[in-house]
Amino acid sequence: MTGEISFFELGVADPERARTFYAGLFGWDFAPGTTEGGGYAIRTFGTPGGVHGGDAGARPYVFFRVDDLPAAMARVRELGGTVADEADGDEETAARFGRFRMCQDDQGSPFGLHQPPPDA
């Protein structure tokens, strides 16, 4: 459903430490991710997630589901928000996790858009 939280990502300095911490805290299972320099896909009992390293901000990212990423990005801009210009990533990542784009609302609050892969 459009607008529901469909994915979360934890930006951390050290993904291995994050895996140990969150597995111990919540019992989450981790599988190797596709990011360079490490990272994990997080298997939770609800919303899927990921963890990536080398994030100086060390913060969580929340992604909202959309059915049409380009249309949603255009709507963010129409409403006065901004959309990051970074690429969507490689085709392997897109096929496994979908397409993502970081945005900010019209007041500067960060959030993400997520178009899941077709089979999700």
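Above this note sits the structure.
A quick note: this is a predicted structure, and the numbers were derived from the prediction, not measured.

K.L.:
Account for the overall build of the chain, with residues named and values stated.
P.N.:
Scanning the chain for helices and strands turns up 3 helices and 8 strands. For the chain, the N- to C-terminal ordering of α and β elements is β-α-β-β-β-β-α-β-α-β-β. Projected onto its principal axes, the C-alpha positions of the chain cover 40 × 30 × 25 Å. The buried share of the chain, reckoned over its 120 residues, is 38%. Carbon and sulfur atoms make up 54% of the accessible area of the chain, which totals about 7,200 Å². Of the side chains in the chain, 10 bear a positive and 19 a negative charge, and the two mean positions are spaced by 2 Å.

K.L.:
Tell me about helix α1 (residues 15-26), and name the residues and values.
P.N.:
Over its 12 residues, α1 runs 16 Å from end to end, which matches the ideal 16 Å to within 8%, given 1.5 Å per residue. Capping the start of α1 is the job of one residue whose side-chain oxygen sits 3.0 Å from the backbone nitrogen of Glu16: Asp14. Two residues or fewer after α1 comes Gly27, characterised by a positive phi angle close to 75°.

K.L.:
For the packing of aromatic side chains, give the residues involved together with the corresponding values.
P.N.:
Applying the stated criterion across every chain, the model contains 11 aromatic pairs. Considering the side-chain rings of Phe7 and Phe63, the 6.2 Å spacing of their centres and the 70° angle between planes classify their relative orientation as edge-to-face. Of this pair, Phe7 sits in strand β1 (residues 5-11) while Phe63 sits in strand β5 (residues 60-65), and the two are 56 residues apart along the sequence. Accessibility assignment for this pair places Phe7 and Phe63 in one class, buried.

K.L.:
So what about the sheet that holds strand β4 (residues 49-52)? Which residues, and what values?
P.N.:
As summarised here, the arrangement of the 8 strands in space is β2-β3-β4-β1-β5-β8-β7-β6, forming an open sheet in which the pairing is mixed. Strand pairing shows two members of the sheet lacking a second neighbour, β2 (29-32) and β6 (82-83), which therefore form its edges. In terms of strand pairing, β1 meets β5 through 5 bridges, oriented antiparallel. Considered in β5, the bridge of Glu9 is made with Tyr61.

K.L.:
Can you break down the environment of His52 residue by residue, with the values?
P.N.:
Secondary-structure assignment places His52 in strand β4. The spatial distance from the C-alpha of His52 to the C-alpha of Cys103 is 18 Å, given a sequence separation of 51 residues. Excluding its chain neighbours within four sequence positions, the residues that come into contact with His52 are Glu9, Leu10, Gly11, Val12, Gly39 and Tyr61.

K.L.:
Report on helix α2 (residues 69-78), specifying residues and quantitative values.
P.N.:
What α2 keeps buried is the set Leu69, Ala72, Met73 and Val76. When α2 is viewed along its axis, its buried side chains cluster within an angular range of 100° and face the same direction. Exposed and facing more than 90 degrees away from the buried side of α2 are Pro70 and Glu78. Contacts made by the buried residues of α2 are with β6, β7 (99-104) and β8 (110-115).

K.L.:
Go over the pattern of salt bridges, please, and point to the residues and values.
P.N.:
This structure, assessed with the given rule, holds 3 salt bridges. Ionic pairing is found between Glu16 and Arg19, a salt bridge with its closest N-O pair at 2.5 Å. Separated by 3 residues within a single helix, Glu16 and Arg19 lie in helix α1, roughly one turn from each other. Here Glu16 falls in the partly exposed class, since its relative accessible area comes to 35%. A relative accessible area of 27% means that Arg19 is categorised as partly exposed. Its salt-bridge partner being Glu78, residue Arg75 comes within 3.0 Å of it at the nearest N-O pair. Taken together, the residues span about one helical turn, with Arg75 and Glu78 both in helix α2 at a distance of 3 residues.

How each quantity is defined
Residues numbered from 1 in each chain as written. Predicted model: local features only at pLDDT ≥ 70, side-chain atom pairs only at ≥ 80, totals over all residues. Heavy atoms only, no water. Helix = DSSP H or I, 4+ residues; strand = E, 2+ residues; numbered from the N terminus. Buried < 20%, exposed > 50% of the residue type's maximum accessible area, 1.4 Å probe, protein only. Areas by Shrake-Rupley, 256 points an atom, 1.4 Å probe, with all protein chains shown as cover. Lys, Arg positive; Asp, Glu negative; His and termini not counted. Charge placed at Lys NZ, Arg CZ, Asp CG, Glu CD. Expected span 1.5 Å × (residues − 1). Polar contact = N/O pair within 3.5 Å; in protein donor to acceptor, adjacent residues only side chain to side chain. Phe/Tyr/Trp six-rings, centres within 6.5 Å; stacked < 30°, edge-to-face > 60°. Pairing = 2+ DSSP bridges. Contact = heavy atoms within 4.5 Å. Arc of directions from axis to C-beta. Salt bridge = Lys/Arg side-chain N within 4 Å of Asp/Glu carboxyl O.

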